[in-house]
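Here is how the chains run, residue by residue.
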Amino acid sequence: MNPYNPLLYMYLVFNSVHFCIISVCVIADFIALFKLQHILSDQKFVIALYDLFAFIFSVDIISAIEFDKSGDHLATGDRGGRVVLFERTDTKENGGSRKDLEKTDYSTSRHPEFRYKTEFQSHEPEFDYLKSLEIEEKINKIRWCQTANGALFLLSTNDKTIKFWKVQEKKIKKIASMNMDPSKVAGKNTIAGSSDSSITNSYLVNGGCKDKSSTNLINDFKFPSGGIPSLRLPVVTYNETSLVPRCRRVYAHAHDYHINSISNNSDGETFISADDLRINLWNLEISNQSFNIVDVKPANMEDLTEVITCAEFHPTHCSTLAYSSSKGSIRLIDLRQSALCDKHSKLFEEQEAPGSRSFFTEIIASISDIKFGRDGRYILSRDYMTLKLWDINMDSGPVSTFQVHEHLRPRLCDLYENDSIFDKFECCLSGDSQRVATGSYSNLFRVFGCASGSTEATTLEASKNPMRRQVQTPSRPSRSLSSITRAVRRGGGESPDANGNSFDFTTKLLHLAWHPSENSIACAAANSLYMYYA
């Protein structure tokens, strides 16, 4: 037994009031077993143990999160290439789906509960020998596909390869009754025992037999009158079910650069994948062929001025999609115009104020994520400083702009030096398009009301104890979001800003998703998954 083997504990905590959390903790409890000085004297061992803990934590960090269209399933992906599925259970316990409860006028105040369903290894680390490039197993994006015959379908991708997964319940076959009496299995002189052994030792597959001596013994055997009471036929039963994930398609070798987004089409048959310079159109049933529909790569790479940062299909129009760029613009294209959509139908960008240009202007203007509203009327975009809501019928400017990191503008030099200025924050809209949300540092995320005349702005912290002091946000009045509790981040070891608020740039909330029909937000902070309900 290795005395230095750390104890690994995995725990799953669901808070019945506000949120659920999945977390993995590694505890090295070797101090109670051995003397501290004996362990600390070996410097190499301490360094190796630290590296082991850091590796365990890094592969468990959540890198993607997504609700399905019904809101009954939630999927997360991590840096270790794993996909974890959760299933909503409170609707089942209440006697049916949400539609059934509405039909019976059954009102309930229970918050949504999601429980662990299954997990599987989606991607493994690979190495591209032609380019001498190591391909990480980290899950970049997850997208749910249409369900069929009770099976769940989803797409997952890392930097180079997209996979189409099917998760289905299968019944486990068990033999409930053997054709021998268990109480007489040990006895070799019983009729059942002798007949079983002779049959087993005599015949092979397809009627073959081992030797003629055993065959003669069977032929000489005669059944007694009245039959053999201990002889029973095997009975196959289905007492248990098991979730079996299976990879149905692998879409590979189509991107020279890292894949930053995938999106399903509303037709249920195609999807797109985007990297820095190209967007490809795929058919779900064809994995060895794709069509390049957007290509921004110039003939001379020195002339490259912008790259693609995100791409998203329109939720209802199967021929319309939008993609964002590192220059802060969003282009709406129509697949019916041409095979190669090198020209956009609409361009959404906000003109910068005169005299405001600086070294950081293009960096902070780069859009990290875009999302369509459920009805397809609005597009939500997130750059480093702001969250913007666009109306696809009005390309003159955003209809609303929400300040997220304006308080960090005086510290852009520090953020550039520690690479925090390149962090990619995601955004999401509520199902009714009345609220928007995005993440920030210190595991904070912000929720804004985008209805006409709304001044709602709430700051929350993803933690097990959301009751924290309020963050000062003078740029916008603060008001609570329904019954969601306000919160702020932890203090200590953090640098304060001009308003006295401190932020920890090592802890950041990059990924979050809004439930398609309810006021529920799932957000990921490091290796923990939190859910807030209003």
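Note that the structure is a prediction, hence the values are computed from the model and not measured.

Basis of the calculations
Residues numbered from 1 in each chain as written. Predicted model: local features only at pLDDT ≥ 70, side-chain atom pairs only at ≥ 80, totals over all residues. Heavy atoms only, no water. Helix = DSSP H or I, 4+ residues; strand = E, 2+ residues; numbered from the N terminus. Buried < 20%, exposed > 50% of the residue type's maximum accessible area, 1.4 Å probe, protein only. Contact = heavy atoms within 4.5 Å. Pairing = 2+ DSSP bridges. Axes fitted to C-alpha atoms, helices over the stretch in contact; angles between N-to-C directions. Salt bridge = Lys/Arg side-chain N within 4 Å of Asp/Glu carboxyl O. Polar contact = N/O pair within 3.5 Å; in protein donor to acceptor, adjacent residues only side chain to side chain. Phe/Tyr/Trp six-rings, centres within 6.5 Å; stacked < 30°, edge-to-face > 60°. Disulfide = S-S within 2.5 Å.

Our focus in this paragraph is the overall build of the protein chain. When helices and strands are counted, the protein chain shows 8 helices and 33 strands. For the protein chain, the residues scored as buried account for 46% of the 534 residues in total. The contacts of the protein chain with a sequence gap of at least 6 include a subset with a gap of at least 24, amounting to 55%.

Taken in spatial order, the 4 strands make up an open sheet running E13-E14-E15-E16, and their pairing is antiparallel. Across the chains shown, the open sheet's two edge strands, defined by having one partner strand only, are strand E13 (261–264) and strand E16 (286–295). Across this sheet, the average inter-strand angle for adjacent strands is 25°, counted without regard to direction. Two strands pair when backbone bridges link them, and strand E14 (residues 270–274) and strand E15 (residues 278–283) are joined in this way by 5 bridges, in the antiparallel orientation. Across the sheet, Ala274 pairs through a bridge with Ile279, a residue of E15.

Let us look at the environment of Ala252. With respect to the helices, strands and loops of the structure, Ala252 is situated in the loop between strand E12 (235–251) and E13. Overall, Ala252 belongs to the partly exposed group, its relative accessible area being 24%. Beyond its immediate sequence surroundings of up to four residues, Ala252 is in contact with Lys160, Thr161 and Trp282.

For the rest of this paragraph, the subject is the pattern of salt bridges. Under the criterion given, the structure shown has 24 salt bridges. For Glu285, the salt bridge is made with Arg249, and the minimal N-O distance between the two is 2.5 Å. In this pair, Glu285 is assigned in the loop between E15 and E16 and Arg249 in strand E12, connecting sequence segments 36 residues apart. A salt bridge links Glu352 to Arg357, with the nearest nitrogen and oxygen atoms 3.2 Å apart. For Glu352, a relative accessible area of 42% corresponds to the partly exposed category.

Within the structure, Arg249 has its side chain in polar contact with the side chain of Glu285 (distance 2.5 Å). Apart from the residues lying within four places of it in its own chain, the contact partners of Arg249 are Ile162, Lys163, Phe164, Leu284, Glu285 and Ser287.

Applying the stated criterion to the full structure yields 19 aromatic pairs. With a centroid separation of 5.1 Å and an interplanar angle of 80°, the aromatic rings of Phe359 and Phe360 are classed as edge-to-face. Residue classification places Phe360 among the buried residues on the basis of a relative accessible area of 12%. Relative to Tyr416, the ring of Phe359 has its centre 5.4 Å away and its plane inclined at 85°; by these criteria the two rings are edge-to-face. Within this pair, whereas Phe359 is found in the loop between strand E20 (346–348) and helix H7 (361–365), its partner Tyr416 is found in helix H8 (residues 412–417), the two being separated by 57 residues in sequence. Clustering of aromatic rings is evident, with ring pairs tying together Phe359, Phe360, Tyr416 and Phe422.

Before going further, it helps to spend a moment on the sheet that holds strand E27 (residues 444–449). Strands belonging to one sheet form pairs held by backbone hydrogen bonds; the direction of such a pair is parallel or antiparallel. Spatial ordering of the open sheet is given by E25-E26-E27-E28, a layout of 4 strands whose pairing is antiparallel. Among the strands making up the open sheet, the edge pair consists of strand E25 (427–429) and strand E28 (457–461). Strand after strand, the sheet turns through a mean of 20° between neighbouring axes, direction not considered. Bridge count for E27 against E28 is 5 bridges, and the pairing is antiparallel. Bridge pairing links Arg446 to Thr459 in E28.

Relative to the elements of secondary structure, His123 occurs in the loop between strand E6 (114–121) and strand E7 (126–128). Between the C-alpha atom of His123 and that of Ile162, which follows or precedes it by 39 residues, the distance is 9.1 Å. Sequence-distant contacts of His123, defined by excluding residues within four places in its chain, comprise Gly80, Gly81, Glu137, Ile139, Ser156, Thr157, Asn158, Thr161 and Lys163. A distance of 2.8 Å separates a polar atom in the side chain of His123 from a polar atom in the side chain of Ser122.

What follows covers the state of the cysteines. All chains considered together, the criterion is met by 0 disulfides. Of all cysteine sulfurs in the structure, the one in Cys427 sits closest to Cys310, which takes part in no disulfide; the separation is 8.0 Å. The thiol sulfur of Cys523 is not disulfide-bonded, and the nearest other cysteine sulfur, from Cys428, lies at 9.1 Å. Residue classification places Cys523 among the buried positions, given a relative accessible area of 0%.

So, about the environment of Phe448. When you line up the elements, Phe448 lands in strand E27. Since its relative accessible area comes to 0%, Phe448 is described here as buried. Separated by 11 residues in the primary sequence, Phe448 and Ala437 place their C-alpha atoms 6.3 Å from one another.

Let's shift gears to the pairing of E28. The buried count for E28 comes to 5 of 5 residues, which makes it a mostly enclosed element. Where burial is concerned, the two faces of E28 agree: the one with Ala457, Thr459 and Glu461 and the one with Thr458 and Leu460 are both buried.

To continue, consider unusual backbone geometry. Apart from glycine, the bulk of residues carry a negative phi angle, and the bulk of peptide bonds sit in the trans form. One non-glycine residue with positive phi stands out, namely Ser442, at about 60°. Of note, Ser442 is situated in the loop between strand E26 (435–439) and E27. Looking at Ser442, the relative accessible area reads 3%, which means it is buried. For Ala526, which is not a glycine, the phi torsion comes out positive at approximately 60°. Along the chain, the position of Ala526 falls in the loop between strand E32 (520–525) and strand E33 (528–533).

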